[in-house]
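For reference, the chains in residue letters:
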Amino acid sequence: MQTINYKEKFPMYVAHPDLIYLDSAATSLTPQIVLDKMNDYYTQYGTNISRGVYSLCEEATTQYELVREKAAAFIHAPSDQEIIFTTGTTHSLNILAHGISPDESDMHILATAMDHHANFVPWQNRTKNFEVINIDKDYRLDLSNLAKKITSKTAVLTIPLISNVLGTINPVQKIISLAREINPQIIVVIDAAQAAPHIPIDVQKLDCDFLTFSAHKLYGPTGAGILWGKKEKLQNIRPLLTGGDMISEVSSSKTQYRNIPHKLEAGTPNIAGIIGLGAAIDFIQSIGLKKIQKNEEMLTKYALNSLRKISGLKIYGPQDANDRAGVVSFTLKNIHPHDIASILDTQYNIAVRAGNHCAMPLHIETLDIPATARISFGIYNTIEDIDTLEKGLYKVSEIFS
Amino acid sequence: MNIYQEQILEHYKDPQNYGVLKNATHRDYALNPTCGDKVCIDMHIKKNIIQDIAFSGSGCAISQAAASMFTQKVKGITVENLTMMNKDDILKMLEIELSMNRLKCGVLVLEASHRALHNPIKL
């Protein structure tokens, strides 16, 4: 079914030819083309941006600003000036939790039971009035619970587009229109860290206020990411970081900030990383997200069928492959996920995640288990990878029988 | 190295000193937040000697087998000797090498025991 060998494009498979990498939800592997582009920066025009008038600096600034356009096109943002470069999703969400309506101390903030700690802890720290939307028996957001919890006083609703544990694709567009019916003033934040590498995103269609994702889950480097926001909403954010490059005028008595996006980008950024993110977006666009999505749907269906054959294996996530991404968490009998991951690693060269995947409230309070094992797919994965995983899981079962 | 040696699996499947002590004088627990392993330790200390010890909790084979073996090892020793024990004693006891991440599982029982020494039960 898969015609191109994408593994060839990723040098990690040269260093580890037998690697079966099933942990792209934690971080994806990086293709040579992205590494080359970052190397070009350091070897050809590795100077600071926006600070010099010499031509090398112009080149660095041009390449850097070009990524703003690429990122805007990638998520169908109306203007590249609405793209803020951050160090990743965690940074973006902290900017928002810190900077939205900074003078309000107890605003009502709603997150979900399936949020990653990055989209949970900053909001919980921000207000005493923090609530969580439940999930239903099929591991999807309970929309009636959501409708009950949103009130005319809810200031922020934050939702992951795709759960990093359950693989659930949330019906975000529907949720947002429902939320705005109850409260037209509500600010909606979308954590798209898991979604950006896998499904097309259109922020205008979604009608969210903010959306964020990381480069390192998108075949780009670590330490780079995007925060998008509606222009007027971004302008109201109080900067989390202040300092160089974000100011228009500084005197001993006061400081004037620049406009967005610069206002929210203090200090010398991860220039090579942002340029790498641009290359990663090009890489994805050259293949096409629709094609990527189709391939991953096929792999997910195949994996769900393979895993279900194994006795004592329980899948935590929607059972139907529809509206479900290539993230599958499971337990096997009463074998601890760490033991599953260790055996798969040492005996089959398979990399899977074990633990609570930075979603402790979901594991402890909703699923009522300390940990799960998780597989997740990237563009390089094949049916053969899943076949080996199945074999490995039978072996794990045998060792602990 | 295959860390799932027979000795480890045996202790995991059939843990020794598992449960709680009715006459415990010291009690505490330790957690490994990355994987959710938990080891609780009950000790009965009299005349500066670990007269009895039991563990409870849940987690991976390494954390639970280590707890089982450790409780066998320290029963009857002095408080000072228990205080002095460190990760090398655990590795020697387990007879396996552990990666940095799995070492946390192995030493969880040590951490719980040391914490328990500082946490006498108020009667």
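Each remark here, short or long, concerns the structure printed above.
This is a predicted model, so every value here is computed, not measured. For every chain, the first residue of its written sequence is number 1, and the numbers climb from 1 along that sequence. Here every chain gets a letter starting at A, and every ligand a number starting at 1, in the order they are written. Owing to the predicted nature of the model, reporting of local features is limited to residues with pLDDT of at least 70; listing and counting of side-chain atom pairs is limited to 80 or more, with chain, interface and lining totals taken over all residues. Water and hydrogen atoms play no part in the side-chain values, which are based on all heavy atoms of the structure.

A look at the overall build of chain A
Line of reasoning, step 1. Within chain A one finds 14 helices and 15 strands.
Line of reasoning, step 2. A radius of gyration in this sense is built from C-alpha atoms; the matching globule rule multiplies 2.2 Å by the number of residues raised to 0.38. Relative to the compact-globule value of 21 Å for 401 residues, chain A shows a C-alpha radius of gyration of 22 Å, a close match.
Line of reasoning, step 3. For chain A, the spread of C-alpha atoms along the three principal axes comes to 70 × 55 × 35 Å.
Line of reasoning, step 4. Here chain A holds 401 residues, and the buried ones make up 58% of them.
Line of reasoning, step 5. When contacts within chain A are restricted to residue pairs at least 6 apart in sequence, those whose partners lie at least 24 apart make up 67%. The numbering of helices and of strands both runs from the N terminus, where a helix is a DSSP run of H or I of at least 4 residues and a strand a run of E of at least 2. For the exposure calls, accessible area comes from a 1.4 Å probe over protein chains only, and a residue counts as buried if that area is under 20% of its type's maximum, exposed if over 50%, partly exposed in between. Here, two residues are considered to be in contact whenever any of their heavy atoms come within 4.5 Å of each other.

Details of the packing of aromatic side chains
Line of reasoning, step 1. Pairing of aromatic rings covers Phe, Tyr and Trp, the last through its six-membered ring, and needs centres within 6.5 Å; plane angles under 30 degrees mean stacked, over 60 mean edge-to-face, and all others mean tilted. Evaluation of the coordinates by the stated rule reveals 16 aromatic pairs over all chains.
Line of reasoning, step 2. An angle of 70 degrees between the planes, with centres 6.3 Å apart, marks the rings of Tyr21(A) and Tyr380(A) as edge-to-face. Pair noted here: Tyr21(A) is in strand 1 (residues 20–21) and Tyr380(A) is in the loop between strand 15 (372–376) and helix 14 (383–399), with a separation of 359 residues, a long-range link. There is no split in this pair, since Tyr21(A) and Tyr380(A) are both buried.
Line of reasoning, step 3. Ring pairs connect the aromatic residues Phe10(A), Tyr13(A), Tyr21(A), Tyr219(A), Phe283(A) and Tyr380(A), which therefore count as one cluster.
Line of reasoning, step 4. To sit over a ring, a charge needs its Lys NZ or Arg CZ within 6 Å of the ring centre and within 35 degrees of the ring normal. Here Lys38(B) stacks its cationic end above the ring of Tyr29(B), 4.8 Å away from the centre of that ring.

Comments concerning the interface of chain A and chain B
Line of reasoning, step 1. Taken together, the contact pairs 18 residues of chain A with 18 residues of chain B.
Line of reasoning, step 2. By convention, the term buried area covers the 1.4 Å-probe accessible surface removed from two parts as they join, with the contributions of both added. Together, the buried faces of chain A and chain B total about 1,200 Å²; carbon and sulfur atoms form 53% of this surface.
Line of reasoning, step 3. By definition here, a salt bridge exists when the distance from a side-chain nitrogen of Lys or Arg to a carboxyl oxygen of Asp or Glu is within 4 Å. In this structure, the connection of chain A to chain B is made through one salt bridge.
Line of reasoning, step 4. Where Asp339(A) meets Arg102(B), a salt bridge forms, and the shortest distance between an N and an O atom there is 3.2 Å.
Line of reasoning, step 5. Top element by residues in the side of chain A that touches chain B is helix 12 (residues 337–348) of chain A. It accounts for six residues.
Line of reasoning, step 6. For this scheme, ten residues count as nonpolar: Ala, Val, Leu, Ile, Met, Phe, Trp, Tyr, Cys and Pro. Four count as charged, namely Asp, Glu, Lys and Arg, and the remainder, Gly too, count as polar. Here the residues of the side of chain A that touches chain B are counted per class, giving eight nonpolar, nine polar and one charged.

A closer look at the pairing of strand 8 (residues 225–229) of chain A
Residue and element names in this part refer to chain A.
Line of reasoning, step 1. Of all five residues in strand 8, five are buried, a share of seventy percent or more.
Line of reasoning, step 2. Here the rule is simple: two strands pair whenever DSSP picks up at least two bridges between them. Where strand 2 (residues 83–86) meets strand 8, four bridges bridge the pair, whose relative direction is antiparallel. Note that in strand 8 the partner of isoleucine 83 across the bridge is tryptophan 228.

What to know about the packing of helix 2 (residues 61–74) of chain B against helix 6 (residues 108–117) of chain B
Residues and elements named next belong to chain B.
Line of reasoning, step 1. In this description, a line fitted to the C-alpha atoms serves as the axis of each element, helices being fitted only across the stretch in contact, and the angle between N-to-C directions of two axes falls anywhere from 0 to 180 degrees. Between helix 2 and helix 6, whose axes approach to 8 Å, the crossing angle comes to 50 degrees. Relative to helix 6, helix 2 is oriented oblique. Together, Ala66, Ala67 and Phe70 of helix 2 and Val109, Leu110 and Ser113 of helix 6 make up the contact between the two elements.
Line of reasoning, step 2. The residue inventory of the contact of helix 2 with helix 6, partitioned by class, reads five nonpolar, one polar and no charged. Convention used here: angles under 35 degrees read as roughly parallel, angles over 145 as roughly antiparallel, angles from 65 to 115 as roughly perpendicular, and any remaining angle as oblique.

Some points on unusual backbone geometry
Residue and element names in this part refer to chain A.
Line of reasoning, step 1. With an omega of 5 degrees, the peptide bond between isoleucine 260 and proline 261 qualifies as cis.
Line of reasoning, step 2. For histidine 76, which is not glycine, the phi torsion reads 55 degrees and is therefore positive.
Line of reasoning, step 3. Of note, histidine 76 is situated in the loop between helix 3 (55–74) and strand 2.
Line of reasoning, step 4. Exposure remark for histidine 76: the relative accessible area of 39% places this residue in the partly exposed category.
Line of reasoning, step 5. Even without being glycine, aspartate 207 reaches a positive phi, approximately 65 degrees.
Line of reasoning, step 6. If you trace the backbone, aspartate 207 turns up in the loop between helix 8 (203–206) and strand 7 (210–214).
Line of reasoning, step 7. The exposure class assigned to aspartate 207 is partly exposed, which follows from its relative accessible area of 29%.

Brief notes about the pairing of strand 6 (residues 187–191) of chain A
Residues and elements named next belong to chain A.
Line of reasoning, step 1. Here strand 6 lies mainly inside the structure; five of its five residues are buried.
Line of reasoning, step 2. Burial along strand 6 is two-sided: Ile187, Val189 and Asp191 and Val188 and Ile190, pointing in opposite directions, are all buried.
Line of reasoning, step 3. Summarising the sheet, strand 5 (residues 154–160) and strand 6 pair through five bridges and their orientation is parallel. Paired with threonine 158 across the bridge in strand 6 is valine 189.
Line of reasoning, step 4. Note on the crossover from strand 5 through helix 7 (residues 172–182) to strand 6: the handedness is right-handed.
Line of reasoning, step 5. Where strand 6 lies against strand 7, three bridges are found, and the strand directions are parallel. Bridge pairing links isoleucine 190 to leucine 211 in strand 7. With the strands aimed away from the viewer, a crossover counts as right-handed if its path from the first strand over the helix to the second runs clockwise.

Observations concerning the nonpolar core
Most often, soluble globular proteins have nonpolar side chains that are buried together.
Line of reasoning, step 1. We call a set of buried residues a nonpolar core when its members are Ala, Val, Leu, Ile, Met, Phe, Trp, Tyr or Cys and they connect through side-chain atoms within 4.5 Å of each other. Within the largest apolar cluster, 77 residues are counted, with the highest numbers of intra-cluster contacts made by Ile75(A), Ile201(A) and Leu211(A).
Line of reasoning, step 2. Among the nonpolar cores identified, the runner-up in size contains 71 residues, and Leu299(A), Ile386(A), Phe400(A) and Ile3(B) belong to it.

Considering the environment of Tyr29(B)
Residues and elements named next belong to chain B.
Line of reasoning, step 1. Locating tyrosine 29 in the fold gives a position in strand 1 (residues 26–32).
Line of reasoning, step 2. Assessed through its relative accessible area of 38%, tyrosine 29 is described here as partly exposed.
Line of reasoning, step 3. Along the chain, tyrosine 29 and isoleucine 45 lie 16 residues apart, while their C-alpha atoms are 17 Å from each other.
Line of reasoning, step 4. Look past the residues within four positions of tyrosine 29 in its chain and what remains in contact with it is Lys38, Val39, Cys40, Ala112 and Arg115.

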